[in-house]
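Geometric and topological summary
For reference, the chains in residue letters:
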Amino acid sequence: MKKKLLVLFIFICISFYFTPLWSVFTFTETRSEKPSIHYISMNAEKEFQFIFTHTIHLTDVIESYKVLDSEEILLISMQYTDVAIGMPGYAEEGQTLEYENGVYTLRYDESILPNFTLHIGDVNYGLSLKYGEKNFNLKKELVRGKSYLFEVKKLSLYQKMKGVKLNGR
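My aim in this report is to walk through the structure given alongside it, one point at a time. Given the structure is predicted, the values throughout are model-derived calculations rather than measurements. By convention here, each chain's residues receive numbers from 1 onward along its written sequence. Where local features are concerned, this predicted model is filtered to residues with pLDDT of at least 70; where side-chain atom pairs are given and counted, the filter is 80 or more; whole-chain, interface and lining totals use all residues. With hydrogens and water set aside, each side-chain value is computed from the structure's full complement of heavy atoms.

**Remarks on the sheet that holds strand β3 (residues 47-53)**
What links the strands of a sheet is backbone hydrogen bonding, and the strands pair in either a parallel or an antiparallel sense. Basically, it comes down to this: Strand pairing is assigned whenever DSSP detects at least two bridges linking the two strands. In this description a helix means any DSSP run of H or I spanning at least four residues, a strand means any run of E spanning at least two, and both kinds are numbered starting from the N terminus. Here an axis means a line fitted to C-alpha atoms, over the contact stretch when the element is a helix, while the angle between two N-to-C directions is reported on a 0 to 180 degree scale.
Pairing is antiparallel in the open sheet, where seven strands are placed in the order β6-β7-β5-β4-β3-β9-β10. Unpaired on one side and paired on the other, β6 (95-100) and β10 (134-137) mark the two borders of the sheet. Direction aside, neighbouring strands of the sheet carry axes that sit 20° apart on average. Across six bridges, the pairing between strand β4 (residues 60-67) and strand β5 (residues 73-80) is antiparallel. Counterpart to Ile-62 in the pairing with β5 is Gln-79.

**A closer look at the pairing of β6**
Where a strand is regular, its side chains alternate between the two sheet faces. Summarising the sheet, β6 and strand β7 (residues 103-113) pair through six bridges and their orientation is antiparallel. Directly across from Tyr-99, in β7, lies its bridge partner Tyr-104. The antiparallel pairing of β6 with β7 creates a hairpin that spans two residues between the two strands, and Asn-101 there sits at a positive phi of about 55°.

**Digging into the environment of Ser-70**
Spelled out, the test is: We call a residue buried when its accessible area falls under 20% of the maximum for its residue type, exposed when it is over 50%, and partly exposed in between, using a 1.4 Å probe and counting protein chains only. As used in this structure description, the phrase polar contact means that two N or O atoms lie within 3.5 Å; if the pair is within protein, one of them must be able to donate a hydrogen and the other to accept it, and residues adjacent in sequence are counted only when both atoms belong to side chains.
On the secondary structure map, Ser-70 appears in the loop between β4 and β5. Assessed through its relative accessible area of 46%, Ser-70 is described here as partly exposed. As a C-alpha pair, Ser-70 and Ser-36 span 34 residues in sequence and 24 Å in three-dimensional space. Engagement of the side chain of Ser-70 in a polar contact is seen with the side chain of Glu-72, the distance being 2.9 Å.

**Here we look at the pattern of salt bridges**
Test applied: Salt bridge criterion: a side-chain nitrogen from Lys or Arg within 4 Å of a carboxyl oxygen from Asp or Glu.
Applying the stated criterion across every chain, the model contains five salt bridges. Between Asp-122 and Arg-144 there is a salt bridge; the shortest N-O distance is 3.7 Å. Here Asp-122, found in the loop between β8 (116-119) and β9 (127-131), pairs with Arg-144, found in the loop between α2 (138-141) and β11 (147-155); they are 22 residues apart in sequence, far enough to count as distant. On the basis of relative accessible area, Arg-144 is assigned to the partly exposed category, the value being 32%.

**Side note on the packing of aromatic side chains**
Any aromatic ring pair is given by two values, namely how distant the centres are and how the planes are angled relative to each other. Quick reminder of the rule: Aromatic rings from Phe, Tyr and Trp, taking only the six-membered ring of Trp, are treated as a pair when their centres fall within 6.5 Å; an angle between ring planes under 30 degrees marks them as stacked, one over 60 as edge-to-face, and anything in between as tilted.
For the structure on display, the rule yields 15 aromatic pairs. Ring geometry for Tyr-65 and Phe-116: centres 5.6 Å apart, planes at 20°, overall stacked. With Tyr-65 in strand β4 and Phe-116 in strand β8, this residue pair connects regions lying 51 residues apart in the sequence. You'll find Tyr-65 and Phe-116 in the same group, each marked buried.

Following this line, the structure appears as C-alpha cells:
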C-alpha cells in the first residue's frame, strides 16, 4: 500500500512539473537552431502595451493590446503624433482614426492575432512592454538585431525553469 501511494505521489509531482499552468508573455528567438525563450509572468490583468520610439519621427508610438481567453491577442489601438513615413494617415476597413490634442488614435474593430514577430532593432531608441505598473525595457532584456515570436501561452514549471524571466524577477 505504501509503495502504491509513493508511486502515485511521484506521478502527481512529475505531472505537476510538466503540466502548463502559468500564463506568460513569451518571446521565442527566431532563426535559431536552439531558440531561447524569454517570458514575463502574467496576472489577472489582460491589457498591455508596446511602447516604442519611431526611428524617423523620434516620437513615441503606443500600441495597446488585450489578451483573450483563447490566449490570442486583440490589437485595440495605436497612438502616435506624426503621420507619413510608416504611420497611417487614414483608416482602412475595420479601423477608425481619430485626431485629438495632437495625437492620432487608430482603433481596430476586431484585429485578432495568434502571435507576431517582434524585431529588436540595433538602434538607441526605446522599446518596452508595459504590463500593469511595470515597464520592461526590451532593448536591455533581449538581444538587439534578433527577432522574437511574441505569444501568450501557458508554460509548465519545467519550461519556466528552462526559460529566461525578463527583469530577473
